[in-house]
Amino acid sequence: MTLYILPSCCKCEEVIKLFDKLGIDVTVINIFDNLDIGRSLTLDKGLPLLELNDEWLDYEMIMKRYKSEG
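Numbers given for residues are sequential positions, taken from 1 along each chain in its written order. Predicted model: local features are reported for residues with pLDDT of at least 70 only, side-chain atom pairs are reported and counted for 80 or more only, and whole-chain, interface and lining totals are derived from all residues. Hydrogens are left out, water is left out, and the side-chain values use all remaining heavy atoms of the structure.

Looking up the protein chain in an unreviewed UniProt entry gives the name Glutaredoxin, with the organism given as Cytobacillus firmus.

## Description of the pairing of strand E4 (residues 55–58)
By this definition, two strands are paired if DSSP reports at least two bridges between them. Numbering of helices and strands starts at the N terminus; helices are DSSP runs of H or I of at least 4 residues and strands are runs of E of at least 2. Pairing geometry for strand E3 (residues 49–52) and E4, over four bridges, is antiparallel. Bridged to Leu50 within E4 is Leu57. Between the antiparallel neighbours E3 and E4 lie two residues, among them Asn53 with a positive phi of about 55 degrees.

## Things to note about helix H3 (residues 59–66)
Exposure classes here rest on a 1.4 Å probe applied to the protein chains alone. A residue is buried below 20% of its type maximum, exposed above 50%, and partly exposed in between. Every buried residue of H3 is listed here: Tyr59, Ile62, Met63 and Tyr66. Along H3, the residues classed as buried sweep out an arc of 95 degrees about the axis, all on the same side. Seen from the buried face of H3, the exposed residues on the opposite side, beyond 90 degrees, are Glu60 and Lys64. Its side-chain oxygen placed 3.2 Å from the backbone nitrogen of Glu60, Asp58 serves as the N-cap of H3. Here the arc refers to the directions that run from the helix axis out to each C-beta atom. Polar contacts, as used here, are pairs of N or O atoms within 3.5 Å; protein pairs need one atom able to donate a hydrogen and one able to accept it. Residues neighboring in sequence count only if both atoms are side-chain atoms.

If you want it as structure tokens, here you go:
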């Protein structure tokens, strides 16, 4: 799983804390540190954006799927 974030993004931090709490191993990528990646992302729904296999989850979908596990 790869989580694409912006620095100082409160929603991004919330998702990272949730994954830490649940013990979920996720690779976190700051799109400013990896501008080439940022160009290939579709940011229509903003960040954070989770890439899980061939599925892309935005903040609302991440919280809906994982919040119930906490």
